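# Secondary and tertiary structure notes
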Amino acid sequence: MSRVEGKVAMVTGGSRGIGRAICLELARRGALVLVNYLQNEAAAAEVVAAIGAAGGEAAALQADVSEAEQVAALFKRVTREHGALDILVNNAGITRDNVIMLMKPADFDIVQATNLRSCWLCCKAAARMMMRKRSGSIINITSVVGIAGNGGQTNYAASKAGIIGLTKSLAKELAPRGVRVNAVAPGFVETDMTADLATEIKAAATAAIPLGRMGAPEDIAKSVAFLASADAAYMTGQTLVVDGGMLM
Ligand code: NAP
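Residues numbered from 1 in each chain as written. Predicted model: local features only at pLDDT ≥ 70, side-chain atom pairs only at ≥ 80, totals over all residues. Heavy atoms only, no water.

### Brief notes about the packing of helix α3 (residues 68-82) against helix α4 (residues 105-133)
Interhelical geometry of α3 versus α4 gives an angle of 35° and a closest axis separation of 10 Å. As for how α3 packs across α4, the hand of that crossing is right-handed. Across the interface between the two elements, Ala 68, Val 71, Phe 75 and Thr 79 from α3 touch Arg 117, Leu 121, Cys 122, Ala 125, Ala 126 and Met 129 from α4. Its residues placed into classes, the contact of α3 with α4 shows eight nonpolar, one polar and one charged. (Axes fitted to C-alpha atoms, helices over the stretch in contact; angles between N-to-C directions. Helix = DSSP H or I, 4+ residues; strand = E, 2+ residues; numbered from the N terminus. Left-handed = near helix turned anticlockwise from the far one by under 90°. Contact = heavy atoms within 4.5 Å. Nonpolar A, V, L, I, M, F, W, Y, C, P; charged D, E, K, R; others polar.)

### A few points about the site of the ligand
The environment of the ligand is made up of 30 residues, and the closest members are Ser 15, Gln 39, Asn 91, Tyr 156 and Thr 191. For the ligand, an oxygen atom lies 3.2 Å from a polar atom in the backbone of Gly 13. One nitrogen or oxygen atom from the main chain of Ile 18 is found 2.8 Å from an oxygen atom belonging to the ligand. Isolated, the ligand exposes 910 Å² of accessible area, and the fraction of that covered by the protein chains is 96%. Mapped onto the shell around the ligand, the elements with two or more residues apiece are α1 (17-28), β2 (32-37), α6 (154-174) and α7 (192-195). (Near = heavy atom within 4 Å. Polar contact = N/O pair within 3.5 Å; in protein donor to acceptor, adjacent residues only side chain to side chain. Areas by Shrake-Rupley, 256 points an atom, 1.4 Å probe, with all protein chains shown as cover.)

### Comments concerning the pattern of salt bridges
Applying the stated rule across the entire model yields nine salt bridges. We note a salt bridge from Arg 28 to Glu 25, for which the minimum N-O separation is 2.8 Å. In this pair, Arg 28 and Glu 25 both sit in helix α1, three residues apart, roughly one turn of the helix. The class of Arg 28 is partly exposed, set by a relative accessible area of 46%. Several salt bridges converge on common partners, so that one network encompasses Glu 25, Arg 28 and Arg 29. (Salt bridge = Lys/Arg side-chain N within 4 Å of Asp/Glu carboxyl O. Buried < 20%, exposed > 50% of the residue type's maximum accessible area, 1.4 Å probe, protein only.)

### Some details on the pairing of β2
Buried residues dominate β2, accounting for six of its six residues. Burial along β2 is two-sided: the face carrying Leu 32, Leu 34 and Asn 36 and the face carrying Val 33, Val 35 and Tyr 37 are both buried. Of the pairings in the sheet, the one linking strand β1 (residues 8-11) to β2 comprises four bridges and is parallel in character. By the bridge assignment, Ala 9 is partnered in β2 with Val 33. (Pairing = 2+ DSSP bridges.)

Listed below in structure tokens is the structure:
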């Protein structure tokens, strides 16, 4: 198991779903974990308690990571309380699906702000502290939809494709400073985000997955933890697809 002993990690949107699993996995592998959330304080507290019960260390940090001022305040607090981040996972994300004829500009804007702008803002803040240390690992959560596209998700797919371009560009910028930047592209994962999909849509999507099941948040978390660790020391600018073979 790739360890991240003694590292300070922050996961945006760590209160639920894939982010929650990433928090638990990084803590299990030895990191102190900062659990960012938007509004679900109880869920974030539950993640912190679960990590504590397993003998790990964690704290919850509220911030809307799509807002520049809130991100600045968040990173100020991280610096004050924990020094610097070693690992940043940009996981916060939302969907506002619709066919383009019915999609409102506001549905486009909020998805770009929550998924892509937040990633850029947090990368910028983390890059400053990681460049100073000449080490660090950033993992951005994209989606197979950002690679393959998906009808009804023009806004979401654009944000996730943007994350892949951001990841490669920042990887090139930061490699000479010893900082690695990678992305993980989950396929179809069982979380609140996919919970409301119609049974027929879920059945059709699952039928298209060679490994024959939807992903569990833990499947994604293990790949993120690997990229965060020194076992991935020679990997940067990559998009690791974790989708049960759906995309191939
Ligand atoms: P989820 O269960 O809906 O959880 C979303 C998380 O994001 C929550 O912790 C939420 O916080 C947080 N969040 C939302 N807006 C935020 C903001 N402005 N600032 C800070 N935190 C915010 O989602 P998920 O399915 O785990 O998805 C996690 C990531 O994986 C997303 O980037 C998603 O696009 C990506 N992904 C998911 C799938 C899938 O099938 N589920 C597939 C591919 C990619 P609160 O709890 O406070 O609301």
